[in-house]
Amino acid sequence: MVNSSKKRWIWAAWAIIWPASLFMIYQQTNLDELQWLDLGAFTALAIIVALFPIMVNQIPVFFLNGITLVIFLNFGLFIELIITTISVTIVLLQVRISKTDLYRIPLNYMMFFLMSVSAAWVYSLFDLPGTASQALETPMHIIGILAYSMTLFLMNHILITLTRRYVYNKRDKIFERSFFWEIMTTFYILPAALMLHLLYHKIGAVAVIFIGFSIVSTSYILRLYYRSSSMNEHLRLVSEIGHELSAQLNVKETLDLFMERIVSLVPVDQAYLYDITDGKNLKLIRLYDPKARSKHQQGDKKKKGEGVAGSVWLKKKGSRYGKRKQWIDLWKKTAPSHSESLMCLPIERDNKIIGVLVLLSEQRNVYEKYQYMLVDLLANFMAVSLLNAQHYEHTKQISERCALTGLYNYRYFDEALKKFFRQTDHVASLSLIMMDLDHFKQVNDTYGHEAGNDVLRGVAERLRKIVGEQAVLARYGGEEFAVILPECNSAKAAHLAETIRATIAHAPFEVKNTLDMEQTVKLAVTVSVGVASYPENSEDHLALVRHADRAMYVGAKQKGRNRISVYHQLKQPAPENIPS
């Protein structure tokens, strides 16, 4: 984004340099012998060619240089500058720049002015004699014309590179795609331009029709070719992205990758990805807004038919707009500022809409029909990949979770603990809390196993609220639970263990006595807790589990239950009496 200060400097430089320089060149120009009919023919040709620019990396490439060469040779620098300015204006009108980008008009005027003046100056260094009709009679004349054309080409590339670097702050490659298209068009148009010049002096302005038709038709054909080539390249990218998405087995990573690839595939300043949560609302699950201009946040909801996204969901049909005024009434108060082009399409799977994607750009008419098709294709890839990731995560959750409590099971706990120890270079400390519900067998024998299950679920719920997201909370087996605490020493772990003990003992659990007409009863439950830590008193994962288990049974269970015990605080018996 170009800041206001740079825009003011661009306007000021143009206002000072361009009119004054143009007036000085005008004073040195003789317009008395100007053939206005011939000039009109060349002007018409330049305007027609300007109607078919090839947009390469947002840079217009067109066959103007060859035509301006002929105009320069026959009518002089001043006329060439005027026609170039008219042609550049035609190109800018096609791009349909927004109000915030109006500075691009004086910027382009200045760039083409410098190109024309530099090329004319280089040509004048040859000091070639004769009239325009003699411009190709000697080798030096031809060398001068080649120097003129190469100066135009080099100045164009230099000015574009400097502008993108110092005005737009973009560090592009020096030799990128637009550079090679400029070379191709320059070398193609030069022979045609010279032929036009020669034929003009033989048969007059009618030569513009014969040669001009060839130039215009070739320009149009190359524009179609570039679009086709660009579409094929994008299709290849979509295919690669589709394979990337299909390889993802995580829902979050699938959505993140989709958004990352979308904004690299088409011009995007803001992107919104909505999920249909309950059949009634759209929920914003991903937001791309690098300039922080959106009034929306992830988690925002829209109703069916509300806004652009809700309207697309309701109509089950995507939309593509080129101007802000075409969609602003649909979006209303929360419409993102500066946005012009908009593309919105439903995301479908199995003929059912599962989400909506909204893309916005600050440029007008930037989204073409083929780009809509590409995004739609990629969205379908994402929908299928998302389903695969959801199935994988569900299957993985079943294998890793305890079906009763929803906590991790012993298998996951064991693998997670081993993984932490494999990463000891990144983990300074690690603590383990082991806990066992006191007299739990009596609960099952007195009130039934369903009552025991209710207690286990209640304990799991309280543990979830206490330990936080960084810890690994697992049902170790039966009535035993375990908590892995990365980056936690024994003092912090003991404090958390006491919080767990007090929380469980503080309030009774309501359960149904399945052995007595399912009467609701309140059970007071306590827990014995053991704590061990690495590297304070354990060297590996087996020692950590063994020491936490010993602290729980010897230090808590055998000392009266409903208490915590830290391994290093235990009174260690003789080695032969230590149970293994």
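This text follows the structure it describes.
Let me sum up the structure you'll find in this document. Worth saying up front: this structure is predicted, and the values here are computed from it rather than measured.

Procedures and definitions
Residues numbered from 1 in each chain as written. Predicted model: local features only at pLDDT ≥ 70, side-chain atom pairs only at ≥ 80, totals over all residues. Heavy atoms only, no water. Helix = DSSP H or I, 4+ residues; strand = E, 2+ residues; numbered from the N terminus. Buried < 20%, exposed > 50% of the residue type's maximum accessible area, 1.4 Å probe, protein only. Contact = heavy atoms within 4.5 Å. Core = buried A, V, L, I, M, F, W, Y, C linked by side-chain atoms within 4.5 Å. Phe/Tyr/Trp six-rings, centres within 6.5 Å; stacked < 30°, edge-to-face > 60°. Pairing = 2+ DSSP bridges. Axes fitted to C-alpha atoms, helices over the stretch in contact; angles between N-to-C directions.

Looking now at the environment of His234. With respect to the secondary-structure elements, His234 resides in helix α8 (residues 207–246). With relative accessibility at 15%, the residue His234 sits in the buried group. Spatially, the C-alpha atom of His234 lies 7.5 Å from that of Leu374, the residues being 140 residues apart in sequence. Among residues more than four places away in sequence, those in contact with His234 are Leu265, Tyr370 and Leu374.

All right, on to the nonpolar core then. Counting residues in hydrophobic clusters, the biggest one holds 56 residues, and the most contacted among them are Phe42, Leu69, Phe75, Ile79 and Leu196. Among the secondary structure elements, those contributing two or more residues to this core are α1 (4–27), α2 (36–50), α3 (64–75), α4 (77–95), α5 (104–124), α6 (139–166), α7 (177–203) and α8. For this core, the element with the highest residue contribution is α5, accounting for 10 residues. Every residue in contact with Phe75, bar those within four places of it in the chain, is listed here: Leu34, Gln35, Asp38, Leu39, Phe42 and Tyr200.

The subject of this paragraph is the packing of aromatic side chains. According to the stated counting rule, one finds 19 aromatic pairs in the structure shown. Measuring from centroid to centroid gives 5.2 Å for Phe42 and Tyr200, while their planes differ by 80 degrees, and the two rings are edge-to-face. Here Tyr200 lies in helix α7 and Phe42 lies in helix α2, a separation of 158 residues in the sequence. You can call Phe42 buried: its relative accessible area is 0%. On the basis of relative accessible area, Tyr200 is assigned to the buried category, the value being 8%. Taken together, a centroid distance of 3.8 Å and an interplanar angle of 10 degrees make the contact between Tyr408 and Tyr412 stacked. Classification of Tyr408 by relative accessible area gives buried; the value is 18%. One aromatic cluster is present, formed by Trp11, Trp14, Trp18 and Tyr109 through successive ring pairs.

This next bit is on unusual backbone geometry. Tyr534 connects to Pro535 through a cis peptide bond whose omega is 5 degrees. Of note, Pro535 is situated in the loop between β14 (527–534) and α17 (541–557). Although it is not a glycine, Ala292 sits at a positive phi angle of roughly 55 degrees. Counting through the fold element by element, Ala292 comes out in the loop between β4 (281–288) and β5 (301–303).

Another aspect to go through is helix α10 (residues 307–315). The buried fraction of α10 amounts to 7 of the 9 residues, a majority that puts the element mostly inside the structure. The set of residues buried in α10 consists of Gly307, Val308, Ala309, Gly310, Ser311, Val312 and Trp313. Backbone geometry just after α10 places Lys316 at a positive phi near 60 degrees.

Here we take up the sheet that holds strand β6 (residues 319–321). Strand order in this open sheet of 6 strands is β5-β4-β3-β8-β7-β6, and the pairing throughout is antiparallel. With one partner strand each, in any of the chains shown, β5 and β6 form the two edges of the open sheet. Strand-to-strand twist in this sheet, taken as the mean axis angle between neighbours without regard to direction, amounts to 25 degrees. Along the sheet face, α10 touches β3 (270–276), β4, β5, β6, β7 (341–349) and β8 (352–361) and points at about 40 degrees away from the line of β7. Packing of helix α12 (residues 369–400) onto the sheet brings it into contact with β3, β6, β7 and β8, and relative to β7 it is tilted by some 40 degrees.

Attention now moves to the sheet that holds strand β9 (residues 430–437). Strand order in the open sheet made by the 5 strands is β10-β11-β9-β14-β15, with mixed pairing throughout. With one partner strand each, in any of the chains shown, β10 (472–477) and β15 (564–566) form the two edges of the open sheet. Sheet twist, expressed as the average angle between the axes of neighbouring strands with direction ignored, equals 20 degrees. Looking at chain direction, β9 and strand β11 (residues 480–486) are connected through 7 bridges and run antiparallel.

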